[in-house]
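If you want the building blocks of each chain, they are given just below.
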Amino acid sequence: AKTTARMTTSKDKNKETMFYQLDVAGLPDELFQKEVPASKWLERAVTTTDPKGFPPNTLNQLSPLDKDVERERVIGISLWMIGNVLPFLAPMLAVGSLWSVLAFRMLQFVILYVGTLYGLFYFYFRPKFLRRFPRSSFMSKQDIKGNQYLYTERNTSKYLSLRFVWPKSVADNISSKSKPVIFCTVPHGVAPIGITAYPVWSKLFNDKLCHWTCAPVILQLPIVSFFMKSVGYVPAKAKSITDTLTKKEENIGIILDGIAGMFQQRQHEEIAHIRARKGIVKIALRAGVPIVPVYGFGHTSLYRVVVDPFGILEFLSAKLQVALTPFFGRWGWFLGPPVRKSAVCLCLGEPVDCPQMDDPSKEDIDKYHKQLLEHYEQVFDQHKAAYGWEDKKLKFA
C-alpha cells in the first residue's frame, strides 16, 4: 500500500486511528484460509489518523493482476452471468425453434457458447486453481464458512482490485458485542460482485457466519442455486432474515436497493433506490441488531445497462424479481465479465444501533430509517474524494 504522512501501517495503530483500509485483492493466498485468524488480515491493513479519511484517488487504483486469474474470471464470470438467464432463455428458444429458423440458430449459438465457456472453466481452469487452493471437496454440505473460501470468489476479489474501508468505531462496536449484524449494501448496479468477498463479512468484524440474501427465484435455478446455498445465501424474505438473526444468531448481508438499483446509473451522481426500503429497519428493530451501511464504490461502473425510456423493463423486473434488461461488460461483451478500469471499494459507515422492539411503530421505523439514510450520506461523502469522485453526489430515490 502507498505510504504518506496520512497513512501508516497497522503496526502504528493507536487511539488516534480513524479509518482502516484492507487491500483484500492483495492478501497473500496463504492467508486466504478459514483457519487464519482475523488478526493476521488486520496486520496488513493500512490506517489513517485523518478524520477526513484517505488521500484523494488512493482507493480507486487497480492492483496488478495475474494473467491466469484474469483469464479464469473472464470465463468464470461470463459463465455465471449466462447461467442466471439460461433457465429462462433456453426453453423459450427451444419452443421457438419449432417454428422459427432464427430461434433454432440462436439456440445452437447459445449451446455452443455455454459449452465452450463450461469446457474451459471445468476442464482447464478448475483443476489448475484447485491445485493452488486444495480442498477436500469442491463444495461441502456442512462447512458453509469453508465454502466461502472457494478460489472463484478469491479470484473475483483480485479481478476487482477489491478494497474494504471502515472506521475504527465499526470494529469497536461490532467486535465488542455478541449480537449479529446486518450489512446493508448499496448500490446494486448490474451485479454487486464486490460483496462476494464472503470471508471478510464472516471473519473481519466478528466471527459469525454472514448469510447474504437474494431474490427467492434465484434459489430455484438449477446449478446456480446449489452454489449460492453452499456459500450461505438465504431468500430475501422477512422470515428467513429474522430466523438467521435470532435463531441462528448469524450475520445477514443484503443489497438494499435490489433489482431497482440496476437501473440507476448516472454520470455525475449516484442513485440509491432506498427511500422507501424500510422493511429491513423493522426487522432490525424486532431482532435488536445494528445495521451497518456499506457503500460499494465502483459497483455502478462495472457494466453498461441498456434502459428503455419508458421504464417498462424496470417495472417488469421489479414485479418479477428477475432482471430483464440487457447489459454489456468488458470489450462490449454481452453478459460478459465486468469492466476493469478502477478498483471496487466497499466502505462501511457508522452502525445504526437498533434497540429491540417486539412491535415497532411506524414512527420508530421512520426514525431509524432516517438515521440509515444519513449514515449512507456520511460514508459516501467521507470517501468519495479518495475514490476519485469528489464532484459526485449521492441521491436517494
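Description of the structure in this document.

Conventions we followed
- Residues numbered from 1 in each chain as written.
- Predicted model: local features only at pLDDT ≥ 70, side-chain atom pairs only at ≥ 80, totals over all residues.
- Heavy atoms only, no water.
- Salt bridge = Lys/Arg side-chain N within 4 Å of Asp/Glu carboxyl O.
- Helix = DSSP H or I, 4+ residues; strand = E, 2+ residues; numbered from the N terminus.
- Buried < 20%, exposed > 50% of the residue type's maximum accessible area, 1.4 Å probe, protein only.
- Expected span 1.5 Å × (residues − 1).
- Contact = heavy atoms within 4.5 Å.
- Polar contact = N/O pair within 3.5 Å; in protein donor to acceptor, adjacent residues only side chain to side chain.
- Core = buried A, V, L, I, M, F, W, Y, C linked by side-chain atoms within 4.5 Å.

1. Focus on the pattern of salt bridges
Right, so step 1: Within this structure, the stated rule accounts for 17 salt bridges.
Right, so step 2: Among the salt bridges present, the one from Arg132 reaches Asp68, with a minimum N-O distance of 3.6 Å. In this pair, Arg132 is assigned in helix α3 (residues 101-132) and Asp68 in helix α2 (residues 67-96), connecting sequence segments 64 residues apart.
Right, so step 3: We classify Asp68 as buried; its relative accessible area is 18%.
Right, so step 4: Residues Lys395 and Glu269 are paired through a salt bridge, measuring 3.1 Å at the closest nitrogen-oxygen approach.

2. Section: α3
Right, so step 1: Its 32 residues place the ends of α3 45 Å apart at the C-alpha level, agreeing with the 46 Å of an ideal helix rising 1.5 Å per residue.
Right, so step 2: Among the residues of α3, those classed as buried are Ala103, Leu107, Val110, Tyr113, Val114, Leu117, Phe121, Phe125, Arg126, Lys128 and Phe129.
Right, so step 3: The inward-facing, buried residues of α3 abut α2 and α5 (151-159).
Right, so step 4: Its side-chain oxygen placed 3.2 Å from the backbone nitrogen of Leu102, Ser100 serves as the N-cap of α3.

3. Quick word on the nonpolar core
Right, so step 1: Counting 72 residues, the largest nonpolar core has Trp41, Phe164, Phe183, Trp201, Tyr233 and Leu348 as its most contacted members.
Right, so step 2: Each residue touching Trp41, except ones within four places of it in the same chain, is listed here: Leu22, Leu27, Leu31, Phe32, Val36, Tyr149, Pro199, Val200, Lys203 and Leu204.
Right, so step 3: Val281, Ala287, Tyr376 and Tyr387 belong to the second-largest nonpolar core, a separate cluster that totals 42 residues.

4. What about unusual backbone geometry?
Glycine aside, the phi torsion of most residues is negative, and most peptide linkages are trans.
Right, so step 1: Residue Pro187 is reached from Val186 by a cis peptide bond, and omega for that bond is -5°.
Right, so step 2: Looking at the secondary structure, you find Pro187 in the loop between β5 (182-186) and α7 (198-203).
Right, so step 3: Located in the positive-phi region is Ile223, a residue other than glycine, with phi close to 70°.
Right, so step 4: Here Ile223 lies in the loop between β6 (210-214) and α8 (224-230).
Right, so step 5: Assessed through its relative accessible area of 73%, Ile223 is described here as exposed.

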